Amino acid sequence: MLTEADSVEQLELLMQSLERELANGNGRAGFLLANAYGLDNSFFKHELGAPLKPDFEKALHFFKLSFPALCKEAELGNGEAMHLVGIYYQGGTPPVARDSAQHMVWSHRAFEAGYIPAANDLYSYYSNKNSEVYDQEKAAYYLKILTDTGTRFVV
């Protein structure tokens, strides 16, 4: 969405639109805003260069605002929201503490809800020989799903 802007003015309109969506309960919109203001907003770089100057306070503000909305969406069965809740636990993103077990729970829920990109997190956990859940068979299962569906994955 943010990569669609072809001018600074369009980018500002997109950011305002995301803020309105967050105010209406769209947790993903808040998550995007938080990452756009994050210290490494390279995901949002495009022809305009770095679209926003990193602003830690704004990023933290949007992370905290979006979490309850994401939880609500996740409880309603939204697989992407489940995955994003898991990401909060993976990194210990405020307002939650880092919790690998919760990250795994939410990743499994997201995958079971049909959100295929969550298979990447599961593959990463099961393929990590240093992980307490290392399991070659499960890792192979999730890797096959990722490759069969053409889903981009990162280890």
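Scroll up for the structure.
Residue positions within a chain follow its written sequence, with the count starting from 1. Residues qualify for local features only when their pLDDT is at least 70, as the model is predicted, and side-chain atom pairs are given and counted only at 80 or more; totals for whole chains, interfaces and linings, by contrast, use all residues. In computing side-chain properties, one takes all heavy atoms of the structure into account and sets aside hydrogens as well as water.

Here we look at the pattern of salt bridges
For salt bridges, the criterion is a side-chain nitrogen of Lys or Arg within 4 Å of an Asp or Glu carboxyl oxygen. Scanning the model with the defined rule gives 2 salt bridges in all. Arg 28 is the salt-bridge partner of Glu 80, the closest N and O atoms lying 2.7 Å from each other. Of this pair, Glu 80 sits in helix 4 (residues 79–91) while Arg 28 sits in helix 2 (residues 27–37), and the two are 52 residues apart along the sequence. We classify Arg 28 as partly exposed; its relative accessible area is 36%. Two residues, Lys 144 and Asp 148, come together in a salt bridge whose shortest N-O distance is 2.6 Å. Of the two residues, Lys 144 and Asp 148 are both situated in helix 7 (residues 136–149); the distance of 4 residues between them amounts to about one turn of the helix. What counts as a helix is a DSSP run of H or I of at least four residues, what counts as a strand is a run of E of at least two, and both are numbered from the N terminus. Throughout this description, buried means an accessible area under 20% of the type-specific maximum (1.4 Å probe, protein chains only), exposed means over 50%, and partly exposed covers the range between.

Quick look at the packing of aromatic side chains
For Phe, Tyr and Trp, where Trp contributes only its six-membered ring, two rings pair if their centres lie within 6.5 Å, and the inter-plane angle classes them as stacked under 30 degrees, edge-to-face over 60, or tilted in between. Counted according to the given criterion, the structure contains 10 aromatic pairs. Centre to centre, the rings of Phe 31 and Phe 63 are 5.9 Å apart; their planes meet at 75°, and the pair counts as edge-to-face. Placement of the pair is Phe 31 in helix 2 and Phe 63 in helix 3 (residues 56–75), with a sequence separation of 32 residues. Judged by its relative accessible area of 13%, Phe 31 is buried. Considering the side-chain rings of Phe 111 and Tyr 141, the 6.5 Å spacing of their centres and the 80° angle between planes classify their relative orientation as edge-to-face. A residue pair is termed long-range when its members are at least 10 positions apart, and Phe 111 in helix 5 (residues 100–112) and Tyr 141 in helix 7 qualify at 30 residues. Cluster of aromatic residues (ring-pair linked, three or more members): Phe 31, Phe 63, Phe 67, Tyr 88 and Tyr 89. The cationic tip of Arg 109 hangs over the ring face of Trp 106; the distance from NZ or CZ to the ring centre is 4.4 Å. The criterion is that NZ of a Lys, or CZ of an Arg, lies within 6 Å of the ring centre and within 35 degrees of the ring normal, and then a charge sits over that ring.

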